[in-house]
Amino acid sequence: MRLRTAACAVLLTLTACTTGPSLENRGAVTAPPGDSKHLTIGSAGFTESDLLAQMYAQLLHQAGYKTSLITVANRELYEPALESGQIDVVPEYAATFADWLNAKTNGPDAPPVGSPDLTTTMKALRRLATPRGLTVLDPGRAVDQNAFAVTAAYARQHHLRTLGDLGASGLKVRLAAGDECVQRPYCEPGLKKVYGIDITGVDPKGVGTTQAKRAVQNGQDQMVLTTTTDATLDQFGLVLLADDRHLQNADYVVPVVNRARAGSERVTKALGRLNDVLTTADLAAMNQQVDSWRRLAQDVARTCLRDKGLLK
């Protein structure tokens, strides 16, 4: 099921100048959905994407397809490859992908279309994806959003369970995050505007990095920007504060397929089996097994699918 790594170099060469269907050929996207016998599943090259791609490949293989996996870490390359049919299926995140397609379609200064509301976000995403020959399948329960963590001791001391609690406390907070946090509306500006949190500065140590978590662990910073599927928080004595006012966008996991090659009901049904059973907690646990326990993504994905009753 795994494609040899040499294919990555070929894909990068072929997609460097690819932009998907030309304007005069965009009408082809209304053709009946295709059902190719051999499907290539793309991964964005980080642990969670690798795991999801493996799950997609194994479910499609069980449904009767020959499958190959390929890793292309740059969305600027793998999305055009998805449009052109060099990649047939990728795991994506609803709000992030909607905003990315919106910027590609309407320019980098276009107002964001992703939002905390999943229905609104999916409507915008599908509106942008369809003219490019892409079909966005239904999201499931799993979501990978930005999240903010403090030490468990700090949370107990100040009676904090939510970001709203932190804002109401009046505590001064130095935030360990990526340097872009000072500008992004869902980071420092949003924490101040929506929650009234007194952010005194952003310590540019990255999103969810070991360095950032240690800075909070040792008291240099009070809070760290990470994600809802971060499986290493316990190792640093950290706990997430709930996003009780829904600042973060609806970054639910969604499969995106090339309609002409993988838009069939059979593909939709095979991948849709994950929707009701795969949770955010499942993603975090699988990430931990790969990142901390050094298990292979392929094995972790297979075990999860079997445990859920989705693989024989």
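Note that this is a predicted model, so its numbers are computed, not measured.

## Overview of the environment of Ser115
Moving on, step 1. Along the chain, Ser115 falls in the loop between helix H4 (94-106) and helix H5 (118-129).
Moving on, step 2. Put simply, Ser115 and Asn249 are 134 residues apart on the chain and 4.7 Å apart in space, counted from C-alpha to C-alpha.
Moving on, step 3. For Ser115, the residues in contact, after removing those within four places along its chain, are Ala95, Thr120, Thr121, Asn249 and Ala250.
Moving on, step 4. In terms of polar contacts, Ser115 uses its side chain to reach the backbone amide nitrogen of Asp117, at 3.1 Å.

## Some points on the layout of surface pockets
Moving on, step 1. Of the pockets and cavities examined, the largest pocket occupies roughly 1400 Å³.
Moving on, step 2. Lining the largest pocket we find 48 residues, and of these Thr96, Asp144, Asn146, Arg184 and Asp251 sit closest to its centre.
Moving on, step 3. Considering each element in turn, the lining of the largest pocket owes the most residues, six residues, to H4.
Moving on, step 4. A breakdown of the residues in the lining of the largest pocket according to their chemical character gives 20 nonpolar, 17 polar and eleven charged.
Moving on, step 5. Roughly 270 Å³ of internal volume is contained in the second largest pocket.
Moving on, step 6. As for the second largest pocket, its lining consists of 16 residues, and the residues nearest its centre are Gln145, Asn146, Thr228, Asp243 and Gln248.
Moving on, step 7. Ranked by the residues each element gives to the lining of the second largest pocket, the list is headed by strand E5 (residues 146-151), at three residues.
Moving on, step 8. Here the residues of the lining of the second largest pocket are counted per class, giving ten nonpolar, five polar and one charged.

## A few points about the packing of helix H3 (residues 75-84) against H4
Moving on, step 1. At their nearest, the axes of H3 and H4 sit 12 Å apart, and the two run at 85° to each other. What the angle tells us is that H3 and H4 run roughly perpendicular. Each of Arg75, Glu76, Glu79, Pro80 and Glu83 in H3 lies in contact with H4, whose residues at this interface are Thr96, Phe97, Trp100, Leu101 and Lys104.
Moving on, step 2. Tallied by class, the residues present in the contact of H3 with H4 amount to four nonpolar, one polar and five charged.

About the criteria used
- Residues numbered from 1 in each chain as written.
- Predicted model: local features only at pLDDT ≥ 70, side-chain atom pairs only at ≥ 80, totals over all residues.
- Heavy atoms only, no water.
- Helix = DSSP H or I, 4+ residues; strand = E, 2+ residues; numbered from the N terminus.
- Contact = heavy atoms within 4.5 Å.
- Polar contact = N/O pair within 3.5 Å; in protein donor to acceptor, adjacent residues only side chain to side chain.
- 1 Å grid on protein atoms, 1.4 Å probe; cavity = no way out; pocket = protein on both sides within 12 Å on 5 of 7 lines; lining within 4 Å.
- Points joined across faces, edges and corners; volume = space filled by probe spheres on them.
- Nonpolar A, V, L, I, M, F, W, Y, C, P; charged D, E, K, R; others polar.
- Axes fitted to C-alpha atoms, helices over the stretch in contact; angles between N-to-C directions.
- Parallel < 35°, antiparallel > 145°, perpendicular 65-115°, else oblique.

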